[in-house]
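Below, each chain spelled out in residue letters.
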Amino acid sequence: MIWIGDQLVSPGPGGVYGERMIQGCRLWSPARSKLAALYHLGGGVELTANHRVLYLGAANGTTVSHVADYVEVVYAVEPAPLPMQDLLVVARQRKNIIPIMGDARLPEAYLSLVEKVDLIYQDVAQPNQAEIAALNSKYFLENDGHLMLSIKSRSIDTVASPKKVFKDEVKKLEGDFGVEFEVLQRKELDPFHEDHLGVLARMFVDEEED
Amino acid sequence: MNPDAGKHLRSRSEIGKPASPPVLPLPYPMVLIRVQYPLLDMKPTWFCDADGGGCHPVAPVPAVLAERAEELGSSGMAGLPDWELAVACGFAEDRLQYLAVLHETALLIAESRLQRALEADSPELIRMVKMLEEIDSAVNHLSERAVDWYRAVNPAFSRKSMVPPGRKVRDLLRDGSCEALQDILDAIDQLSERRSALAKQVSSKAAAVLPNCSALAGGLVAARIATEAGGVRELARMPASAIQVLGAKNALFTHLSRGTPPPKHGVIYQNSAVHGSRRERRGSVARVLAAKLAIAARIDYFRGVSDPAFIARAKEAIRGAGRIR
């Protein structure tokens, strides 16, 4: 990751959403992006030019554009039509963004286009976030691939305490869905985003044959 | 053996990926057991067809590929794409070219899915309702400010007894005592007229997009519940119990977190069958109306045409709920 002073930036042509430029790099603000917040808190995996990324919940393509600055290719999945309009504009400018209009709960709908990836980043506001992550990992994540997850407790239970929701959700992720994950990091995204948890996990693969 | 298959075999082994034992029915020659990619089991991908042990690349024309990928996706037959296979079978020269064609193809697919979603979900209706609500609140705020202003120059004026509801208040302020205010009152009146026109447009749009819901609840209420639900599609997927309290968010969450009595109705209160019924029947009417709206929303979304027989039955049920037994 590229830091200028204590500011996270990404290298690439600016003017995607009116972001500030610092020394020719695009400021990647933790206040706008949960992924940037995770990096600011010392979490996340180092993005490299070799990475193939599946991005679930791409929304308007703001964070996607920053990820695309770092990696080889981003498969950006977004179900809603209006954010998709914005995402398409971003994808036309950045050739390494593969836009996919589809629902992350139904990976069969984009199975025909997405290859195996090294990293899945998921930011969807759904009650079954862990399950969605596991399902997509099963299809698309390489062995030893990483999963970065931004869990929004308010989408899972509006009433329960976020801490409890986070605990349950991480526990579910660790073994409820036939894919096992080793959770490497968990960081609450305060003060950048309230009631959000950033999780980094590695898919756990059984050492069978050989 | 197919020459393509041999080429493919080499390129895979060079990469040195771990071998997965192919599931091959006998009697294939033993040498094939060492094939690293289960060629004979291979599913078609967006860029190539597989049959008879070889793969046949599709011409790299994005429009053709987009159509093919959509068909494959809905058939459930598609295999996970592998760029090395695409290169091996001659679809692309290298990964760069593979990604470039994929990018163009994905753009086309996304554009056509977007087009279809916009037609089916009619987000325009939802935007119209949001505009209507915004204009409503603007007119109210501006009217209040106008009264404030008028009061400042007319010490005898009290808003306690002298402020009539609706637009009449603005006529009351037009007594010439405050000249600068007149133009602003005209502008508010104009905005208020636009609001009425827009409300009619929302109604007729709702009658086209949500014919069954509109017949039961009225165009405006139907449009509002669709907006609260987040779209026509979302409304069609919503249980009746949720439709009943759409628009009563605060009451619902206070109920959930603090155990206050649950709300009986949200937006559907605006329907005359609900607010016009006796207090003690209102909950029942709201429940039945919501139940029928849930069915109507599904007919609207999945069939898209009015169903007079259903509407007649539903209306009878709603009337029945309001009767005192």
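Everything numeric in this text was worked out from a predicted model, so none of it was measured. Sequence order as written defines residue numbering, which begins from 1 separately in each chain. For this description, chains carry letters from A and ligands carry numbers from 1, given in the order in which they are written. Reporting of local features is limited, given that this is a predicted model, to residues whose pLDDT is at least 70; pairs of side-chain atoms are given and counted only at 80 or more, and all residues count toward the totals for whole chains, interfaces and linings.

**Student:** Teacher, can you tell me more about the pairing of strand E5 (residues 52–56) of chain A here?
**Tutor:** A regular strand places its side chains so that they alternate between the two faces of the sheet. Residue and element names in this part refer to chain A. Working definition of burial: number of other C-beta atoms within 10 Å of the residue's own, with buried at 20 or more, exposed at 12 or fewer, and partly exposed in between, all C-beta atoms being placed from the backbone. Numbering of helices and strands starts at the N terminus; helices are DSSP runs of H or I of at least 4 residues and strands are runs of E of at least 2. Buried residues dominate E5, accounting for five of its five residues. Residues Arg 52, Leu 54 and Leu 56 line one face of E5 and the alternating positions Val 53 and Tyr 55 line the opposite face, and both faces are buried. When DSSP finds two or more bridges between a pair of strands, those strands are recorded as paired. The sheet contact formed by E5 and strand E6 (residues 73–78) spans five bridges and is parallel. The partner of Val 53 across the bridge, within E6, is Val 74. Here, the term right-handed applies to a crossover whose path from the first strand over the helix to the second runs clockwise when the strands point away from the viewer. This β-α-β element, E5 to helix H2 (residues 62–70) to E6, shows right-handed connectivity. When E5 meets strand E8 (residues 117–122), the two strands line up parallel, connected through four bridges. Along E8, the bridge assignment pairs Val 53 with Leu 119.

**Student:** Explanation requested: the sheet that holds E5(A) in the structure shown.
**Tutor:** Strand pairing in a sheet relies on backbone hydrogen bonds, with the paired strands running either antiparallel or parallel. Residue and element names in this part refer to chain A. The seven strands lie next to each other as E7-E6-E5-E8-E9-E11-E10, forming an open sheet whose pairing is mixed. Two strands close off the open sheet at either side, each with one partner strand: strand E7 (97–101) and strand E10 (180–188). Each neighbouring strand pair of the sheet contributes to a mean axis angle of 15°, computed without reference to strand direction. Note that E8 and strand E9 (residues 141–152) share five bridges and pair parallel. Across the sheet, the residue bridging to Val 117 is Leu 141, located in E9. By the criterion used throughout, residues are in contact when their C-beta atoms, derived from the backbone, lie within 7 Å. To define axes, lines are fitted to C-alpha atoms, for helices over the stretch in contact only, and angles between the resulting N-to-C directions are given on a 0 to 180 degree scale. Together, E9, E10 and strand E11 (196–204) form the strand contacts of helix H6 (residues 162–173), whose direction differs from that of E10 by roughly 155°.

**Student:** Just to check I follow, could you spell out the interface of chain B and chain A for this structure?
**Tutor:** Accessible area lost during the coming together of the parts is what is often quoted as the interface size. Listed as interface residues are 28 residues of chain B and, on the opposing side, 23 residues of chain A. Elements with a contribution of two residues or more to the side of chain B that touches chain A: helix H2 (62–75), helix H4 (95–121) and helix H13 (249–258) of chain B. In terms of residue count, H4(B) provides more of the side of chain B that touches chain A than any other element does, 13 residues in total. Lys, Arg, Asp and Glu make up the charged group, whereas Ala, Val, Leu, Ile, Met, Phe, Trp, Tyr, Cys and Pro make up the nonpolar group; the residues left over, Gly among them, are polar. Split by residue class, the side of chain B that touches chain A holds 19 nonpolar, five polar and four charged.

**Student:** What is the right way to look at the nonpolar core in this model?
**Tutor:** Generally speaking, soluble globular proteins have nonpolar side chains that are buried together. Structurally, a nonpolar core is described as a collection of buried Ala, Val, Leu, Ile, Met, Phe, Trp, Tyr and Cys residues joined by way of C-beta atoms within 7 Å. Membership of the largest hydrophobic core comes to 85 residues, with the highest contact counts inside it found for A:Tyr55, A:Val74, A:Tyr75 and A:Ala76. Among the elements that make up this core, the one with the highest residue count is H4(B) (six residues). Excluding its chain neighbours within four sequence positions, the residues that come into contact with A:Ala76 are A:Tyr55, A:Ala58, A:Gly61, A:Val64, A:Leu87, A:Ala91, A:Ile97, A:Ile98, A:Pro99 and A:Ile100.

**Student:** For this particular structure, what's the right way to read the pairing of E11(A)?
**Tutor:** All names here are of chain A. In terms of strand pairing, E9 meets E11 through seven bridges, oriented antiparallel. Counted as the bridge partner of Leu 147 is Ala 201 from E11. Across eight bridges, E10 lies against E11 in antiparallel orientation. Within E11, the residue paired with Glu 180 across the bridge is Phe 204.

**Student:** I'm lost on helix H5 (residues 123–153) of chain B in this one. Help?
**Tutor:** In an α-helix, one full turn covers 3.6 residues, which means residues spaced three or four apart are oriented alike. Multiplying 1.5 Å by the residue count of a helix minus one yields the expected span of that helix. If you check H5(B), its first and last C-alpha atoms are 46 Å apart, about what 31 residues at 1.5 Å a residue would give, namely 45 Å. Among the residues of H5(B), B:Leu125, B:Ile126, B:Val129, B:Leu132, B:Ser143 and B:Tyr150 are the ones counted as buried.

**Student:** Just to check I follow, could you spell out the packing of H2(B) against H4(B) for this structure?
**Tutor:** A pair of packed helices is captured by two measures, namely the crossing angle of their axes and the spacing between those axes. Residues and elements named next belong to chain B. Closest axis-to-axis distance for the H2/H4 pair is 8 Å, and the angle between their directions is 65°. Of the two elements, H2 crosses H4, and the hand of that crossing is right-handed. The segment H2 lies against H4, with Pro 62, Ala 63, Leu 65, Ala 66, Ala 69 and Glu 70 engaging Val 101, Glu 104, Thr 105, Leu 108 and Ile 109. Taken together, the residues of the contact of H2 with H4 sort by class into eight nonpolar, one polar and two charged. Working rule for handedness: look at the near helix, and if it is turned counterclockwise from the far one by less than a right angle, call the crossing left-handed; if clockwise, right-handed.

**Student:** Mind showing me how you'd approach the sheet that holds strand E2 (residues 7–11) of chain A here?
**Tutor:** All names here are of chain A. What the four strands build is an open sheet, ordered E1-E2-E4-E3; its pairing is antiparallel. Because the sheet does not close on itself, it has two edges, and the strands there are strand E1 (2–4) and strand E3 (21–22). Pairing geometry for E3 and strand E4 (residues 25–27), over two bridges, is antiparallel. In the sheet register, Met 21 faces E4, and the bridge partner there is Arg 26. Where H2 meets the sheet, it contacts E2 and E4, and its direction lies at approximately 70° from that of E2.

**Student:** Even after reading the chapter, I still don't get the packing of helix H3 (residues 81–93) of chain A against H4(B), so can you show me in this structure?
**Tutor:** At their nearest, the axes of H3(A) and H4(B) sit 10 Å apart, and the two run at 160° to each other. The orientation of H3(A) with respect to H4(B), classified from their angle, is roughly antiparallel. Considering only the axes of H3(A) and H4(B), their crossing is left-handed. Where H3(A) abuts H4(B), its residues A:Pro81, A:Met84, A:Gln85, A:Leu88, A:Ala91 and A:Arg92 lie against B:Leu107, B:Ala110, B:Glu111, B:Leu114, B:Ala117, B:Leu118 and B:Asp121. In terms of residue class, the contact of H3(A) with H4(B) is made up of nine nonpolar, one polar and three charged. Roughly parallel here means an angle under 35 degrees, roughly antiparallel means over 145, roughly perpendicular means 65 to 115, and every remaining angle is called oblique.

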